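Residues per chain, in single letters:
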Number of protein chains: 2
Amino acid sequence: MENAQETKPRRGRPPKAPDDAAARQKLIRTGLAHLTERGYSSAGVNEIILEAGVPKGCFYHYFRSKEDFGAALIDAYQSYFSAKLDRCFQDETLSPLDRLRRFVDEASAGMAKHDFKRGCLAGNLGQETGALPAPFRERLQSTFKDWQDRTAACLAQAQSLGEIGPKHAPQELAAFFWIGWEGAVLRAKLDRSPAPLETFAKGFFTLLESEAENQ
Amino acid sequence: MENAQETKPRRGRPPKAPDDAAARQKLIRTGLAHLTERGYSSAGVNEIILEAGVPKGCFYHYFRSKEDFGAALIDAYQSYFSAKLDRCFQDETLSPLDRLRRFVDEASAGMAKHDFKRGCLAGNLGQETGALPAPFRERLQSTFKDWQDRTAACLAQAQSLGEIGPKHAPQELAAFFWIGWEGAVLRAKLDRSPAPLETFAKGFFTLLESEAENQ
DNA sequence: TTATTTCTAGACCTTACAGTCTATTTAAAT
DNA sequence: ATTTAAATAGACTGTAAGGTCTAGAAATAA
């Protein structure tokens, strides 16, 4: 009666909400650092727990397996990144196109902060598809779809404001953007340089400009 | 005297030229299949020699280590691919821009032949940088530089023939192309679909067209 | 033939890895 | 207090991986 939820209170120590579990969070953070740098296959559970300062039993208390952990990392990255996109794409102080530019700048700064040694988790794992647990594929695809949709919405606004022309569908442009952007992140990592990000962004915005001029 | 090369003939069984060594070639071919599909880290020497039907001692006769093998694969892929580019970019029956289109079509057909399960070796390993033997990085970078240079030469021709405008430098465009193309290959592998290749190619050629119109 | 070297062959070794097991400690309900 | 379950702790296990070793077959100069 006094309990808001209908579940009667069980005896024993109640489980922490996953978000509060410090050890779990530490594992996720450390795991993201490792996987964005090394990918899934060559990332070791032992290394990760060592760096996180969490014992093994604890890892397998929160995650059934490395695969389960990997899936959790994809989800964590996906929501972290969606939030980042929203922050940029819903910034009312900027024009829609400038919001996209803001994302590009922030992402670039983010890579710089780690000396261009860390890439995009979705890109890394996407490339590893052939070596990954099968369920990862769908998760990664829907991740890209999500980012693409948010980007398309931003581009649609730009289009309705006349910042870009009506020549191409926003969805098509957004698809183009994410295809190329992931390639740019890949090269930035390989070259340890922001140049590929800039090169791609410059080309992409040139494409958009031409769209505006040719309408 | 009768020997063309100055090296005096040694006793014992003479080493086969690497190109003739059937076992070595089989290993390279099988290795390329595995690494384009799974990358370096998760590809197993044992699996490869098993599929190649070559005993282990034989592998370590031709290659000092997995790393050495990987380096040989990069070189093999690099020269195989450069030849492919030359075949396209020096096709006199086509206009320069159509040569690039030919490359896109051939590469797309190549991926389709393997059900989009195999990607680009350089792209795969580039993404794995953080987990790779350090010397691989430079090798991969020079691989991309080589492809980019060949592509820039083709675009320069297109520019001198007026197929594209003088707005951007061919090197810049070629850099943009390879950044995005590798991203497209990544996504094509993840999606098991030619769509990303087409989407990127379409956008890229649109960009070039606008270059022509705006000159 | 014989000496010498390459190439083939695969059993074996070592290490690193994901995953298990058994305690112990901590926190809440009774 | 006592009971119950969560969370921490880390030694241990089994296997798969890269790499070594030794032996023999094949090839050619002497």
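Everything below is about the structure shown above.
Just so it is clear, the model here is predicted, and its values are computed rather than measured.

**Quick look at the interface of chain A and chain B**
How big an interface is tends to be stated in terms of the accessible area lost upon association of its parts.
So, point 1. Listed as interface residues are 44 residues of chain A and, on the opposing side, 44 residues of chain B.
So, point 2. The three residues of chain A that bury the most area against chain B are A:Gln127, A:Ile179 and A:Leu190, which together make up 19% of that side's buried surface.
So, point 3. Seen at the junction of chain A and chain B, the total is two salt bridges.
So, point 4. We note a salt bridge from A:Lys202 to B:Glu172, for which the minimum N-O separation is 3.4 Å.
So, point 5. One can count 11 residue pairs in polar contact (both at pLDDT 80 or more) joining chain A with chain B.

**With respect to empty space enclosed by the protein**
So, point 1. What the rule picks out here adds up to five cavities of 30 Å³ or more.
So, point 2. Taken as a whole, the largest cavity holds about 70 Å³ of empty space.
So, point 3. Taken together, A:Arg38, A:Gly39, A:Asn124, A:Gln127, A:Glu128, A:Lys189, B:Arg38, B:Gly39, B:Asn124, B:Gln127 and B:Glu128 make up the full set of residues lining the largest cavity.
So, point 4. Looking at the lining of the largest cavity, the elements that each hand over two or more residues are α6 (121-128) of chain A together with α6 (121-128) of chain B.
So, point 5. The residue inventory of the lining of the largest cavity, partitioned by class, reads no nonpolar, six polar and five charged.

**Description of the relation of the copies chain A and chain B**
So, point 1. Superposition of chain A onto chain B requires a rotation of 180° combined with a translation of 0.0 Å along the rotation axis, giving an RMSD of 0.0 Å. Within this description, the copies of the chain are treated as partners about a two-fold rotation axis.
So, point 2. Here 100% of the contact residues of chain A are again contact residues in chain B; the copies associate through an equivalent surface.

**Quick notes on helix α2 (residues 45-52) of chain A**
All names here are of chain A.
So, point 1. Every buried residue belonging to α2 is among Val45, Ile48, Ile49 and Ala52, and all of these are buried. Mapping the buried residues of α2 onto a view down its axis gives an arc of 90°, with all of them on the same face. For α2, the exposed residues set more than 90 degrees away from the buried face come down to Leu50 and Glu51.
So, point 2. In this fold, the buried residues of α2 make contact with α1 (22-38), α3 (56-62) and α4 (66-89).

Cut-off values and rules
Residues numbered from 1 in each chain as written. Chains lettered and ligands numbered in written order. Predicted model: local features only at pLDDT ≥ 70, side-chain atom pairs only at ≥ 80, totals over all residues. Heavy atoms only, no water. Contact = heavy atoms within 4.5 Å. Buried area = accessible area lost by both parts, 1.4 Å probe. Salt bridge = Lys/Arg side-chain N within 4 Å of Asp/Glu carboxyl O. Polar contact = N/O pair within 3.5 Å; in protein donor to acceptor, adjacent residues only side chain to side chain. 1 Å grid on protein atoms, 1.4 Å probe; cavity = no way out; pocket = protein on both sides within 12 Å on 5 of 7 lines; lining within 4 Å. Points joined across faces, edges and corners; volume = space filled by probe spheres on them. Helix = DSSP H or I, 4+ residues; strand = E, 2+ residues; numbered from the N terminus. Nonpolar A, V, L, I, M, F, W, Y, C, P; charged D, E, K, R; others polar. Least-squares fit on C-alpha atoms with pLDDT ≥ 70 in both. Buried < 20%, exposed > 50% of the residue type's maximum accessible area, 1.4 Å probe, protein only. Arc of directions from axis to C-beta.

That is the geometry; function is a separate question.
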